[in-house]
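Examination of the molecular architecture
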Amino acid sequence: MVRTALLRGVSAGALTLTFISTSAVAQEALPPIEIGAAQRARSSEPHPSGAPIPAGRSVDARTAQTGDRVTGYKTDRTVSVKLNKPILQIPIAVQTVTRQTMDDQQTTNVSQAIIGNVSSVAPLPMNCTLFQNLMIRGFQTGTLSMAQLYRNGVLVPNERCPSTANLQSLEVVKGPAAMLYGRIEPGGLVDMIVKRPLETPYYSVQQQGGSFGVARTTLDATGPLTEDKSWLYRVNAEYYHNPSFIDFAQDDRWFGSATLTYHPTQNFKLNIDAEYQDLYYVDNNPNIPAIGYNAAPIPISRYIGDPSITVNNPDHDMRRFVGYDWKYDLNEDWSVTNRFAYNNTRSIQSSMFTICVNAPPVPNPALPPGACPANSLFGTSTLSLNYGPVALRTITGNLDLNGKFYTGPLQHAVLFGTDHVSFANVANIYQANIAQNINVFAPIYTPFGLSRFLIPANGAAAIRKQEWQGFYAQDMISAFDDRVHFLLGGRYDFASALSSIGQSNSTIINNALDRANVLGVTTKDRFFSPRVGLVVQPWPWLSVYGNYTQSFGVNNGVTRANTPLGSQQAIQWEGGVKGEFFDKRLLATVAYFDIKKYNLAQNTPTAPNALRGFVVDLLDAESQGVELDVTGKVDDNWSVIANFSHLSTHVTKGSILPLNDPFDIRTQAPVVGKRMPAVPDNMGSLWLKYDADGDLRGLSVGGGFTWIGNSWVDPANTYLNPAYTLVRAMASYRFALGPAHVTAQVNVDNLLNQNYYYGTSNFPGRYAGTAGAPRNILGSLRVEF
């Protein structure tokens with residue numbers, strides 16, 4: 001019998017080896033990662049920036065030479081909530097989109113990976129014109145001041161088209177997470193968990209190509225740098241050429257990341273990260289106007305802009321990131337973790353957006369028809385242009401002390417921590433109120449050789465800075481034979497925000513920036529954010545949970561007159577049930593929540609893209625909902641992702657304020673009782689995959705649908721996005737080719753080629769709709785060795 005030695009652990013200088021047969025390895029169902037990492041993962045809590053441990057499954061040829069790609073759809077633990085507990089013992093709703101989910105569905109951006117795989121998450125525009133943003137439980141993950149996104153537990157705001165090439169998973173923490181992360185939006189947060197170096201060498205090259213001329217090349221390489229494997233590395237690279245189904249629009253992304261891991265002893269591990277992204281894209285703002293209650297009947301490929309300006313002067317983002325995280329185990333019960341990140345982005349924006357459309361009035365005569373010049377033709381869209389540089393810099397870090405101890409029959413898992421965020425965003429923009437008039441039904445574009453592009457005469461500058469310093473502590477108390485878990489936590493924040501807008505009628509744009517520097521208004525806040533949770537686990541496979549949370553959001557900035565606006569606040573009550581089925585292969589979560597949000601900022605339709613928050617309306621809103629999530633495997637062959645949510649999200653206080661704009665004649669209109677923009681009332685999704693056995697081993701087929709209910713584009717609820725259903729399918733085959741393994745795969749999205757639209761809360765007007773992509777096919781070929 002062939003025997004294999006497995007390293008079971010090193011403690012206090014003693015080395016213990018256990019010999020078992022190779023057949024026993026298969027029966028033990030080790031995850032398809034290198035043995036050393038698997039043993040370390042089982043002997044301690046998940047690393048602060050590592051991927052959660054996947055649910056066990058049998059090792060077979062399908063998992064050979066896959067690095068850490070084959071994770072399954074279900075995870076047993078999560079790292080974003082900072083609790084070293086199984087998911088059933090956590091009184092918070094958390095859903096994870098695994099690496100295998102992203103690979104099976106061939107998702108190339110963060111929003112695409114989450115939509116349809118997590119309940120209560122609604123789509124927002126996925127192009128590069130807008131910052132990465134999602135609607136979770138009725139509220140955006142970003143605000144007018146800051147689009148919030150997390151990377152391994154630290155804030156990396158205002159990202160455009162973040163790559164998924166180096167991601168191991170995406171964790172969606174639902175509800176307010178202010179106790180751990182400070183000034184966060186109450187709907188939830190998205191945490192990108194990046195890939196980590198492996199001890200076993202692994203190399204992968206993938207080429208993708210598909211509809212509209214899409215082409216994407218990705219590389220992944222990892223392994224040890226030293227013989228004792230104390231130094232490891234991982235490199236990921238991507239080139240993504242992404243022409244749109246919309247005329248003239250496209251984006252090109254160059255991305256690279258590198259990680260060094262230093263792991264000299266069992267109780268210490270350091271990761272050092274660096275990323276670079278260079279992004280060029282043609283501006284494509286949500287510009288589809290409403291005719292009556294629906295989107296204008298124009299081809300979804302129509303570009304509502306001046307391509308002689310935007311194509312010849314594309315937007316350009318250059319992002320640089322460096323960071324580290326380390327963890328030191330003081331002993332078996334106590335550990336210290338430190339994370340740090342520096343993120344710097346320099347951009348040139350060339351942004352066009354609709355400020356009015358000459359269209360017939362909607363059926364309600366009290367609502368205006370739009371406000372274009374009186375002599376314009378029916379269907380004429382008046383466009384505004386922003387052009388100029390934008391600078392973004394974020395420095396974030398945190399320090400956590402985790403420990404375990406007993407007080408009589410009670411077990412305590414405690415966390416003490418502090419974090420700091422320093423955020424600065426400076427936009428220095430030229431503005432032209434009327435760049436061009438285009439008829440949306442029969443556009444006549446300026447020839448490229450006769451571009452009308454001139455630097456506008458008016459300048460505007462916006463300065464937004466945020467400084468947070470938070471101190472937090474939590475205690476997870478477990479009792480009654482680990483069947484009852486009580487979570488008690490709190491956080492105290494010291495925060496300051498500087499917001500300023502300067503305008504200039506001079507062609508010397510720095511005059512506007514000078515004015516913004518002089519007119520800056522600083523506000524300071526101090527607040528306490530508590531969180532209480534309870535889990536009762538009557539059986540090992542079932543738990544009932546509830547939580548109460550308060551949170552304070554980011555500062556809302558200033559009005560046109562540089563008057564500071566109050567900070568956002570929120571309260572949530574949540575209760576639910578979690579269960580594991582089919583020998584813990586399948587996880588199901590049912591939850592009810594009620595979120596009340598105060599001082600919610602809304603953009604006006606004429607607010608410039610680069611200067612969001614230039615004019616805002618403050619509203620109060622409430623979101624109530626029921627949601628269901630099911631992920632995992634039914635048996636060795638069938639995998640499933642299913643979810644459903646019903647949301648009731650309404651404005652409870654507030655009005656649409658007058659804009660004092662020469663092209664907008666709206667009067668003040670109450671919106672109390674209206675549904676929040678871009679929030680569907682119902683959403684549901686199903687995805688099934690079958691992995692074949694026997695002679696067809698290596699073949700996988702899958703498919704499903706995503707149903708999105710009705711939603712509104714504007715706060716007054718006069719521009720409707722009807723419900724729609726998207727059907728998708730995939731097939732892949734993996735086979736050995738010499739020393740390598742090859743995977744051929746094809747995916748089809750929107751199989752039935754349905755026309756659909758969605759809105760965005762950043763542009764809540766009657767001319768801010770976005771068309772969804774028609775049927776599209778993406779094929780790929782991956783070689784791994």
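Nothing here was measured: the structure is a model prediction, and the numbers come from that model.

Moving on: the overall build of the protein chain. Helices and strands together make up the secondary structure of the protein chain, namely seven helices and 40 strands. Within the protein chain, buried positions represent 61% of all 785 residues. When contacts within the protein chain are restricted to residue pairs at least 6 apart in sequence, long-range pairs at least 24 apart make up 71% of them. Accessible area for the protein chain stands at about 28600 Å²; split by element, carbon and sulfur atoms hold 62% of it.

Another point: the environment of Gly772. Tracing the chain through its elements places Gly772 in the loop between β39 (770-771) and β40 (776-784). Residues Gly772 and Met126, 646 residues apart in the sequence, show an inter-C-alpha distance of 9.4 Å. Residue contacts for Gly772: discarding those within four places in its chain leaves Phe245, Ile300, Tyr756, Tyr757 and Tyr758.

Across the five residues of strand β3 (residues 94-98), five count as buried, placing the element largely inside the fold. Because side chains alternate across β3, one face comprises the buried residues Val94, Thr96 and Thr98, and the other comprises Gln95 and Val97, equally buried. Summarising the sheet, β3 and strand β9 (residues 167-174) pair through five bridges and their orientation is antiparallel. Of the residues in β9, the one forming a bridge with Val94 is Val173.

It is worth spelling out the packing of aromatic side chains at this point. For the structure on display, the rule yields 22 aromatic pairs. When the ring of Phe268 is compared with that of Tyr328, the centres are 6.4 Å apart and the planes differ by 55°; the resulting orientation is tilted. Highlighted residues: Phe268 in strand β15 (residues 268-281) and Tyr328 in strand β18 (residues 315-329), separated in sequence by 60 residues. Overall, Tyr328 belongs to the partly exposed group, its relative accessible area being 35%. Counting every residue linked through ring pairs, the aromatic cluster contains Phe248, Tyr303 and Tyr445. The ring of Tyr181 is capped by Lys82, whose NZ or CZ atom sits 5.6 Å from the centre of that ring.

Turning our attention to the side chain of Thr141. Along the polypeptide, Thr141 turns up in the loop between β6 (139-140) and β7 (150-151). Assessed through its relative accessible area of 4%, Thr141 is described here as buried. Here Thr141 is in contact with Asn133, Leu134, Ile136, Gln148, Glu185 and Gly188, once residues within four sequence places are set aside.

Overall, mixed pairing links the five strands, which are arranged β3-β9-β10-β7-β8 in an open sheet. Every other strand in the sheet has two partners, leaving β3 and β8 (154-155) as the edge strands with one partner each. The pairing of β7 with β8 spans two bridges and is classified as antiparallel. Paired with Tyr150 across the strands is Leu155, a residue of β8.

All right, on to the nonpolar core then. Generally speaking, nonpolar side chains in soluble globular proteins are found buried as a group. Core analysis: the biggest nonpolar cluster contains 28 residues, and Val81, Leu189 and Trp468 have the highest contact counts within it. Elements with a contribution of two residues or more to this core: α5 (178-181), β21 (410-439), β22 (458-479), β23 (484-504) and β25 (542-555). By residue number, the principal contributor to this core is α5, which donates four residues. Grouped together as the second largest cluster of nonpolar side chains are 23 residues, Phe245, Ala249, Ile288 and Ala295 included.

Turning our eyes to something else, we now look at unusual backbone geometry. Trans peptide bonds make up most of the peptide bonds, and negative phi angles are found at most residues other than glycine. The backbone of Phe480 sits at a positive phi, close to 55°, despite the residue not being glycine. Tracing the backbone shows Phe480 in the loop between β22 and β23. If you check the backbone angles, Asp481 has positive phi at about 60° while not being a glycine. Within the element layout of this structure, Asp481 appears in the loop between β22 and β23.

Within the secondary structure, Phe139 sits in strand β6. Its relative accessible area of 2% is what places Phe139 among the buried residues. Note: C-alpha distance between Phe139 and Ile595 (456 residues apart in sequence) is 9.5 Å.

Turning next to the sheet that holds strand β5 (residues 135-136). The three strands are arranged β4-β5-β6 in an open sheet whose pairing can be described as antiparallel. With one partner strand each, in any of the chains shown, β4 (121-122) and β6 form the two edges of the open sheet. Summarising the sheet, β5 and β6 pair through two bridges and their orientation is antiparallel. The residue of β6 that forms the bridge with Ile136 is Phe139.

Let us now look at the pattern of salt bridges. All chains considered together, the criterion is met by 36 salt bridges. We note a salt bridge from Arg151 to Glu275, for which the minimum N-O separation is 2.9 Å. Linking Arg151 in strand β7 with Glu275 in strand β15, this pair joins segments that are 124 residues apart in sequence. With respect to class, Arg151 is no different from Glu275; both count as buried.

Further remarks concern the environment of Ala692. Checked against the element boundaries, Ala692 lands in the loop between β32 (682-691) and β33 (699-708). Remark: the alpha-carbon pair of Ala692 and Asp636, spanning 56 residues in sequence, is separated by 9.4 Å.

Looking at the protein chain, the pLDDT average stands at 83 and 78% of residues meet or exceed 70. Note on residues 361-371: pLDDT under 50 across the span, and 18 contacts to partners over four residues away in sequence or across chains. For the stretch residues 604-615, pLDDT sits under 50, and the model shows 60 contacts to residues farther than four places along the chain or on other chains.

The next subject is the pairing of β32. Buried residues dominate β32, accounting for seven of its 10 residues. Sheet topology places strand β29 (residues 638-653) next to β32; nine bridges connect them, and they run antiparallel. Bridge pairing in β32 links His646 to Asn682. Bridging between β32 and β33 involves nine bridges; their strand directions are antiparallel. Considered in β33, the bridge of Met683 is made with Ile708.

Reading the values: rules and limits
- Residues numbered from 1 in each chain as written.
- Predicted model: local features only at pLDDT ≥ 70, side-chain atom pairs only at ≥ 80, totals over all residues.
- Heavy atoms only, no water.
- Helix = DSSP H or I, 4+ residues; strand = E, 2+ residues; numbered from the N terminus.
- Buried < 20%, exposed > 50% of the residue type's maximum accessible area, 1.4 Å probe, protein only.
- Contact = heavy atoms within 4.5 Å.
- Areas by Shrake-Rupley, 256 points an atom, 1.4 Å probe, with all protein chains shown as cover.
- Pairing = 2+ DSSP bridges.
- Phe/Tyr/Trp six-rings, centres within 6.5 Å; stacked < 30°, edge-to-face > 60°.
- Lys NZ or Arg CZ within 6 Å of the ring centre and 35° of its normal.
- Core = buried A, V, L, I, M, F, W, Y, C linked by side-chain atoms within 4.5 Å.
- Salt bridge = Lys/Arg side-chain N within 4 Å of Asp/Glu carboxyl O.
- pLDDT = per-residue confidence, 0-100.

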